[in-house]
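# Structural overview
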Amino acid sequence: MKNNTKRQLSLLFVLVLIISTVTACSGNKAEDGAGNSSNSNKENTSNAQDPVAFKDISGDIRGNKAPTQEQTDEVNHSLNDTYLGDVYDEVIPSDYSAYPVKGDVVLDVWMPANSNIPDMNNHVVQKQVEQLTGIKVNFITPPIGQEADAFTLMISSGDLPDIIIEPGRYPGGLEAGVNDGAYIDLTDLMEKNAPNYTKWRNSDESRRKTTVTDDGKLLGFYGIAPYSEWTWFGTLIKQEALDKTGLEIPNTIDEWHTFLTKAKEAGYKAPLNYGSSYGQIFTGIINGAYGVWDWTFLDKNGKVAWGPAQPKAKEYLSTMQQWNKEGLLNPDWATADFNQRMASAISGDTAVMMDSPDTMWSYWKEQSNIDFVGALNPVLNKGDKSATTYKNFKRAGTEAAITTQSENVEAAMAWLDFNFSKKGWELINFGEYGKVHLIDETGMPYYPEDSYIYKDPEGQPVSTTLYKYRMHSWPNIRDEHHANPLIATKGSYSGDIRKFWTENMDTSMAMPPISFTKDEASREAELGNQLSTLRGEYFAKIIMGEMPVDAYDKFLKEAQSMGLDEFLSIHQAALDRYNKR
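The text that follows walks through the structure, step by step, so that each part is easy to find. For clarity, every value in this text was computed on a predicted model and none was experimentally measured. (Residues numbered from 1 in each chain as written. Predicted model: local features only at pLDDT ≥ 70, side-chain atom pairs only at ≥ 80, totals over all residues. Heavy atoms only, no water.)

## Here we look at the sheet that holds strand β10 (residues 372-375)
Picture the strands of a sheet paired through backbone hydrogen bonds; they go either parallel or antiparallel. Stated formally: One requirement defines pairing of two strands: DSSP has to find at least two bridges between them. Each helix is a run of H or I in the DSSP string that is no shorter than four residues. Each strand is a run of E no shorter than two, and both are numbered from the N terminus.
Strand order in the open sheet made by the 4 strands is β6-β9-β5-β10, with mixed pairing throughout. On the outer flanks of this sheet lie β6 (272-273) and β10, each paired with one strand and no other. Alignment of β6 against strand β9 (residues 352-355), held across 2 bridges, turns out to be parallel. In the sheet register, L272 faces β9, and the bridge partner there is V352.

## Some points on the nonpolar core
Short version of the rule: Grouping buried Ala, Val, Leu, Ile, Met, Phe, Trp, Tyr and Cys residues that are joined through side-chain atoms within 4.5 Å yields what is termed a nonpolar core. Each residue's exposure class comes from its accessible area (1.4 Å probe, protein chains only) as a fraction of the maximum for that residue type: buried when under 20%, exposed when over 50%, partly exposed otherwise. Contacts: residue pairs with any heavy atoms within 4.5 Å of one another.
I163, Y183, F221, I402 and W415 are the most contacted members of the largest nonpolar core, which totals 95 residues. Here this core takes 6 residues from helix α15 (residues 409-417), the largest share from any one element. Once you skip the residues sitting within four places of it in the chain, I163 turns out to touch L107, D108, V109, W110, A400, A401, I402, A412, W415 and L416. With 59 residues, the next largest nonpolar core counts F259, M354, A375 and L564 among its residues.

## Here's the deal with unusual backbone geometry
The linkage connecting Y99 with the following residue, P100, adopts the cis geometry, with an omega of -10°. With a phi close to 65°, E166 is a non-glycine residue in the positive phi region. Non-glycine residue K394 carries a positive phi angle of around 65°. Position of K394 among the secondary structure elements: in the loop between β10 and β11 (395-402).

## Structural notes on the packing of aromatic side chains
Definition in use: Classification of ring pairs rests on two measures: the distance between centres of Phe, Tyr or Trp rings, Trp counted by its six-membered ring, which must be within 6.5 Å, and the angle between planes, read as stacked under 30 degrees, edge-to-face over 60 and tilted in between. Note on criteria: charge over ring means Lys NZ or Arg CZ within 6 Å of the ring centre, with the direction from the centre no more than 35 degrees off the ring normal.
Across all of its chains, the model carries 32 aromatic pairs by this definition. Seen from their ring centres, W256 and F259 are 6.0 Å apart, and the 90° between their planes marks the pair as edge-to-face. Placement of both W256 and F259 in helix α11 (residues 253-265) is noted, with a separation of 3 residues, approximately one turn of the helix. Each member of the pair W256 and F259 is classed as buried. Seen in terms of ring centroids, Y447 and Y454 are 6.1 Å apart; in terms of plane orientation they differ by 85°. Their pairing is edge-to-face. Joined through ring pairs, the aromatic side chains of Y88, W200, Y227, W425, F430, Y447 and Y454 make up one cluster. The lysine or arginine in question, R207, covers the ring of W200, its NZ or CZ lying 4.1 Å from the ring centre.

Right under this line is the structure:
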């Protein structure tokens with residue numbers, strides 16, 4: 001921690017926290033915003049540094065299923081990447097001129113912990129990053145479940161680390177943190193100190209557009225993918241439930257009602273596992289069939305609209321109220337947490353889950369040998385196109401910002417920039433060479449069957465080892481389709497389901513990752529929080545039968561009196577700026 005300007009920042013942050021309201025339910029996080037337009041063209045300046053030359057060892061490594069210790073050490077303990085192939089349309093950068101960083105550098109990094117890895121200081125991947133970059137990192141991780149309070153306390157104290165992972169938690173978002181003096185504007189520093197990130201983000205228009213503010217500023221390092229990742233969330237049906245009912249995979253809402261009714265008659269006490277305390281009441285799956293999308297979306301004219309205010313909302317609520325009354329839903333749908341849902345999923349009560357096929361591959365197939373299939377989001381009428389508001393804009397993982405209290409900004413940027421080099425891509429996505437991954441004949445890393453990913457010495461399941469031996473969500477080049485072991489494992493059809501969803505559902509109504517100005521962010525968060533609470537209360541009570549469906553009319557009037565039109569105008573302004581980037 002650093003002490004300079006601490007008191008001044010503390011006073012400022014306390015003031016900001018008092019006047020700001022942040023909500024995670026406001027549809028799109030305020031990561032960027034408006035600023036000085038004088039820097040708008042600096043990001044495109046070319047990088048003149050020469051790459052470091054290495055001996056080509058691809059002949060020894062590619063296709064090698066039993067590397068020697070010397071070969072393993074060469075891969076794990078040097079920056080040599082000449083054995084890897086160029087596996088995407090764009091070449092992954094390989095500028096290692098900053099490493100190893102000179103001097104005894106130690107950086108403090110604040111980040112929320114994964115429940116499987118409560119202490120990041122012992123993470124094997126980060127130990128290797130430290131060895132390759134020469135930068136030691138002290139991870140500061142708040143207790144699980146106390147991340148929000150810990151972040152608020154850290155910010156209000158004015159005692160900041162060098163780097164903050166998930167800096168968008170700042171009231172008003174990442175740019176508000178820059179404007180208030182907590183984070184550094186990296187626009188003028190990025191080209192020189194982050195050549196790999198600069199080259200990668202500029203190698204594709206979607207990557208460039210989603211990592212810059214409306215005014216052309218570069219405020220942090222974003223996780224950005226080589227491609228648009230497949231849809232990760234949808235409806236999954238146990239194969240045995242289809243066999244017992246003798247029905248095909250349902251498509252229309254009427255077919256779904258028939259299937260769930262027969263599934264209940266076949267012995268599934270609560271066939272559809274619906275909703276949860278972590279936000280799945282509004283899944284965009286069933287409600288999407290009615291055009292009642294969870295939050296904001298693009299209407300047929302490309303304008304921002306609010307899903308809960310759409311014309312067929314009462315029809316959707318009436319259907320769900322009926323299904324709930326008929327016992328087709330799990331009775332704890334409004335309160336069940338993740339563990340409760342997974343316990344229900346593997347029981348004989350559940351026939352259908354709305355979740356990730358990656359997750360269910362672990363819980364259903366690997367741990368319980370339950371086969372399952374993916375269903376497209378339902379439609380109202382036969383022949384309608386299935387749709388979803390989920391669309392990946394090549395921005396994945398998470399983001400990082402460097403604080404104004406960092407005493408070695410150059411080293412902080414070098415540490416983050418490593419994640420966007422080819423060596424960083426290999427290590428962050430696939431873990432240690434030898435024990436975790438090998439390289440195939442084309443130069444692509446893969447997990448052999450005896451990999452630590454699949455055969456953990458401590459007996460951990462893949463759902464844990466994917467965090468234990470690699471980084472799953474990080475500010476890096478994330479190769480989800482090849483490096484997610486729940487997709488890549490032998491026999492897994494999780495990726496097939498995700499690809500099927502992606503290729504067969506309309507995503508034209510999906511909102512891009514817009515950002516708000518400082519003034520907009522505060523008001524948007526305030527209105528979004530109020531509207532989210534209002535929607536949750538009314539919709540849940542109507543579905544549970546505690547309110548009649550006609551109570552929706554009162555809900556809509558209250559939403560409008562709260563400022564729904566203003567809320568939409570803020571989003572429309574942000575969308576207009578995004579389209580002009």
